[in-house]
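The residues making up each chain are set out below.
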Amino acid sequence: MSFVKLTVSALALGAVSATAAAARDQVQIAGSSTVLPYASIVAEAFGENFEFPTPVVESGGSSAGLKRFCEGVGENTIDIANASRKIKDKEIKACAEAGVTDIIEVRIGYDGIVFASDINGNGFEFTPVQWYKAISKQVVVDGKLVDNPYTMWNEVDATLPAQPIQAYVPGTKHGTREVFEDKVILAGCEETGDFDVYKAANGDDKKAAEKACIALRTDGKAVDIDGDYTETLARIESNKDGIGVFGLAFYENNTDKLQVATMSGVVPSTESIATGEYPVSRPLFFYVKKAHIGVIPGLKEFAEFFVADEIAGPDGPLSEYGLVADPELAQTQEAVANEVVMGSSM
Amino acid sequence: MTDTSQQGGGPAAPARKHGETLMKLTARTKRRNAAERRFQAYGIAAIGVGLLMLVILVVNIFGNGMGAFTQTFITLDVHLDQSKLDKKGNRDLEDIKKVSTFGYAPLINRAFETKAADLDLKSGLKPKAMADLLSKSAAAQLRDYVLADPARIGQTVSFRFLANSRVDGYMKGRVSRESIANDKNISAAQLDLVDELIAEGTVRRTFNPAFIFGADASDQRPEAAGIGVSMLGSLFMMVVVLALALPIGVAASIYLEEFAAKNWLTDIIEVNISNLAAVPSIVFGILGLAVFINYMHLPMSAPLVGGLVLTLMTLPTIIISTRASLKSVPPSIRDAALGVGASKMQAVFHHVLPLAAPGILTGTIIGLAQALGETAPLLLIGMVGFIASNAPDGVAAGLMSPNSAMPAQIYEWAKRADPAFYERAWGGIIILLVFLITMNTLAVILRRRFERRW
C-alpha cells in the first residue's frame, strides 16, 4: 500500500510548490534568436558580478517573444522581450489590452545582415537590385510584369558569376526577414523603377505595391529557413551553389566555412556598419516591463548592466562578439536609469 | 513412391514421371527453395543495413563527441595585486566585491607579460592579445578565488585557466592557420605563441571534468560549457515522473484489470489510453503550458513543470505495460488465493502484484528512459534556452528554480554559432546515450532475473 502514501506525498509536494511559486527571484527573458547570444553573454556576466541569480534567456523569434511579453503582468509572464526590430503599434495595443502599459524600450546596438556563400565557391559583389531581380516572384521585362525568368546569377547581371540562383533567406517569423525585405528587396525594387509598374498594376495602391515587391519566388530558388543560422549553414554545406543570409556575428564565428559578399561595394564589418556605409543593418532592442521593476529582483540592475559601457560599449564583450555599438549609448543609459517608458517624452 | 513424394512436396505436388527420384529436384521445388534462400538473403541484408547504420552512428557520435571530454588548459602565475583588488587594503569583502570581472582582466594581462618576459618570448604580441588566448571565464575564475579567500590578495598564485575555444580547436586539429585567415578572434601570431607555450609545457590538453559536472556558458565561451546542471534538471524531472507516474499508473491498471466491470465505459477508457500513448509529445507540452503555467501559475523553466508534463506522457506507457504484466499472471493464482478465503484486494496485493512486479518495473524504466530523451514538450515550458544557473542547492530549489534538461541542452548547443559548441552537442549525446543504455540494460537484467514463466 506504499504507493498510496507515495501518491499522497507527491500531491502534497505539488501543493507546496504551488504556493512557493509566488516568489520568482530570477529575471526571465525571451525573444529574438539574434539577440539571444548577446543577452546570454550579459546574463552570464551579470550572474558572475552580482548577487542576483543568472537570468534565464530563451529564444524563439522577436514576434514570439513580444507575444509572450504582452500576455500580461505577473510572475508567470516574462520580464524582458528581446527583439531584432522595433515593437509594432499592433503589439503595443495588444500589450495595453493585457494590462502591460509601461514599456521601457532599450536599444542595445546595431547588427549587420550579411550575404555569404561557401568559402571555396565564387566570390560575389552584390547590389540590392540584383537580389531583387534574382529572387522576387515577379519582375518587369519589357515594361510588363512576368514571373521571374532568371535561373543563373549572370542572367541577372553580367558582372556576377555563372552560378545557379539558390538563396536561403530567413523565414517570416524572424525579425531579420523584415530588414532583408525592407533594405534589400524593396530598395532594389524601387531602384530599378519596377515599383511604379507594380503600383500601376495595383491601382496606385502603395501598400499593395510594396507587398507585391517583396513577394519572393516560390519555385525553389529562394528557400525560407525557419530555423537558426546553423540550418542555413548546413544548407550551404550541402549545396555549394547556395547563398545564405546571416547575422554578422554568425559569419564572424564561421569564417573558415563562409565567404562574405559585398553589398553596394562595401564589405560588412562592425566598422562599416557603425559608420552607416554598409546598407543592410538594423537596431537591436529589448523591452522591459516597468511594472516588474521592484518586484522581480535584479531586473533594473540587469537592464542597466546590459547597456553599461563595459558591456555594450565599443570595447565591451558584445562588440567583440559582433554587435555594432550604439553611438548614442549614453542617452540609452540615462533613459534606463530614469525608467523612461515608451510614449513619454524624455 | 507416391507416399514419399506426398510427404516431401505436399498433397499438391505433381506426380513424378517414371525414372525420376527424390534426389533430383523438380523445377517447382527449386523455385521454392530459391525463394526461401532469397528471403533469408533479404533478412540478412536488412540486419546488415541496420548494423551498418548503427556502426556509422556510433562512430560518428564518438568521433565528433570525444573531443568534448578533453580541454586545453593554460597554467599561469597571477599576482593578485592589492592596488587593483582592494584599494583600501582592509580586506573588507564588500569592498572587494565591488571589483567586477572587468577589473580582473589587467591582472591576467600582467601575468602573460611576466610569463613572456620570463621565457624570453619574441612574439611581439601585446599583453591583451596574449591574454585573449584564455577563455573569457578566466576573470570570473580569478574573482571567485579571491572572494572565497581574500587573504590571498597580494600573493602570487598559480592558476589553471581554460584556453579560448580557438586555441582548443587548434590543439584538437579543428582550427588551422589556413582556416583562420578571415577569423578576427585569433591570429597566426597568437597561434605561434601557442606553439611556443606548448613546447614549454604551459599549454596542455587534459581531461575536463567541468564538461560533465559544470553549467552551460554563453556563446562567447563555449570552452566553459558543461552539461552537469542540466543533468541535475533531468534527474529532478525523473524523480517527479517516478513519484507520480508509477503510483498513478499502477493504481489505474490494477483497478482496470482486476476490479472494473467490463462495459462500454471501461472500453472507452482502454481505447483512449492506447490513443494517448500515440499522441505526439509536443501536444503534452502545449497542455503543460496551458494548465501548469498559465492556469496553475507554476514557474516557467522549472523541472517540476517539466516532470509533470513528462508524467502525462509516460503514464500511458506505464499503464499499458503494467496491465500486460498483470494479465500474464495466471488466473489460477487468483483462484487459489480467493479459494482459501482471501479478499479480492488481498489476492491482488499479496499474490498478483508481486508476481507482476518485474514486468511493471521494466515498463517503468523504459517509460523513464523515453521521458529522459524527450525535448519537444520542454520547448514550450521554457526549459530550452540559456539557463546557466548554478547547481541547485537542495530539493526545493532543484524542483523550482529554472533549469534545462540534457536533450534540451544538446539541442541548444547544436543551434549556436561557434563550431566548438557543435563538438559539445555530440559530447552531450554520448552522456545521454550512456544513461539510456544503462537504464535499458537495467530493465533487461531485472526482467531476466525476476521474471517467472508459467
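On a predicted model such as this, the values are computed, not experimentally measured, just so you know.

**Q** Looking at this structure, how should I read the overall build of chain A?
**A** Helix and strand counts for chain A stand at 16 helices and 14 strands. Overall size of chain A, expressed as C-alpha extent along the three principal axes, is 75 × 60 × 50 Å. Sorting the 346 residues of chain A into buried and exposed places 53% on the buried side. By element, 52% of the accessible surface of chain A is carried by carbon and sulfur atoms, the whole surface being about 14000 Å². The averaged location of the 51 negative side-chain charges in chain A is 8 Å from the averaged location of its 29 positive side-chain charges.

**Q** Even after reading the chapter, I still don't get the pattern of salt bridges, so can you show me in this structure?
**A** Close approach of charged atoms lets side chains of opposite charge pair. Residue and element names in this part refer to chain B. Summed over all chains, the structure comprises 36 salt bridges over all chains. Between Arg334 and Glu258 there is a salt bridge, with the nearest N and O atoms lying 2.8 Å from each other. Here Arg334 is found in helix H15 (residues 331–339), whereas its partner Glu258 is found in helix H11 (residues 228–259), with 76 residues between them in sequence. Exposure remark for Arg334: the relative accessible area of 18% places this residue in the buried category.

**Q** Please explain the pairing of strand S13 (residues 281–289) of chain A as it appears in this structure.
**A** Taken residue by residue, a regular strand's side chains alternate between the two faces of the sheet. Residue and element names in this part refer to chain A. Of all 9 residues in S13, 8 are buried, a share of seventy percent or more. Two strands pair when backbone bridges link them, and strand S3 (residues 80–83) and S13 are joined in this way by 4 bridges, in the antiparallel orientation. The residue bridging Asn82 from the neighbouring strand is Phe286, located in S13. When strand S4 (residues 103–118) meets S13, the two strands line up antiparallel, connected through 9 bridges. The residue bridging Arg107 from the neighbouring strand is Phe285, located in S13.

**Q** Explanation requested: the UniProt feature "transmembrane region" (unreviewed entry) in chain B in the structure shown.
**A** Residue and element names in this part refer to chain B. Sequence positions flagged by UniProt for "transmembrane region" (unreviewed entry) are, in local numbering, residues 39–62, 235–256, 276–298, 304–326, 347–369 and 425–446. The annotated region residues 304–326 carries 100% helix and 0% strand content, and the separation between its end C-alpha atoms amounts to 30 Å. The annotated region residues 347–369 carries 100% helix and 0% strand content, and the separation between its end C-alpha atoms amounts to 31 Å.

**Q** Would you explain the sheet that holds strand S3 (residues 203–207) of chain B in this entry?
**A** Strand pairing in a sheet takes place through backbone hydrogen bonds and is either antiparallel or parallel in direction. All names here are of chain B. Taken in spatial order, the 3 strands of this open sheet run S2-S1-S3, and their pairing is antiparallel. With one partner strand each, in any of the chains shown, strand S2 (156–162) and S3 form the two edges of the open sheet. Direction aside, the axes of adjacent strands within the sheet are offset by 35° on average. Sheet topology note: the strand S1 (residues 70–79)/S3 ladder contains 5 bridges and is antiparallel. Its bridge partner lying in S3, Ile74 is registered against Val203. Where helix H7 (residues 137–148) meets the sheet, it contacts S1 and S2, and its direction lies at approximately 140° from that of S2.

**Q** Can you walk me through the interface of chain B and chain A in this structure?
**A** Many analyses report the size of an interface as the accessible area lost when the parts associate. Chain B puts 51 residues into the contact, and the matching count from chain A is 48 residues. Note on chain B versus chain A: buried area summed over both sides is about 4200 Å², and carbon and sulfur give 55% of it. Here chain B and chain A share 4 salt bridges between them. In this structure, Arg221 of chain B engages Glu48 of chain A in a salt bridge whose closest nitrogen and oxygen atoms are separated by 2.5 Å. Along the contact surface separating chain B from chain A lie 17 residue pairs in polar contact (both at pLDDT 80 or more). At the level of elements, H7, H11, helix H13 (281–295), helix H16 (344–372), helix H18 (395–400) and helix H19 (406–415) of chain B are the ones that each hand at least two residues to the side of chain B that touches chain A. The element best represented in the side of chain B that touches chain A is H11 of chain B, accounting for 5 residues. For the side of chain B that touches chain A, a count of residues per class yields 25 nonpolar, 12 polar and 14 charged.

Calculation criteria
- Residues numbered from 1 in each chain as written.
- Chains lettered and ligands numbered in written order.
- Predicted model: local features only at pLDDT ≥ 70, side-chain atom pairs only at ≥ 80, totals over all residues.
- Heavy atoms only, no water.
- Helix = DSSP H or I, 4+ residues; strand = E, 2+ residues; numbered from the N terminus.
- Buried < 20%, exposed > 50% of the residue type's maximum accessible area, 1.4 Å probe, protein only.
- Areas by Shrake-Rupley, 256 points an atom, 1.4 Å probe, with all protein chains shown as cover.
- Lys, Arg positive; Asp, Glu negative; His and termini not counted.
- Charge placed at Lys NZ, Arg CZ, Asp CG, Glu CD.
- Salt bridge = Lys/Arg side-chain N within 4 Å of Asp/Glu carboxyl O.
- Pairing = 2+ DSSP bridges.
- UniProt positions renumbered as here; feature names shortened; annotations may be inferred.
- Axes fitted to C-alpha atoms, helices over the stretch in contact; angles between N-to-C directions.
- Contact = heavy atoms within 4.5 Å.
- Buried area = accessible area lost by both parts, 1.4 Å probe.
- Polar contact = N/O pair within 3.5 Å; in protein donor to acceptor, adjacent residues only side chain to side chain.
- Nonpolar A, V, L, I, M, F, W, Y, C, P; charged D, E, K, R; others polar.

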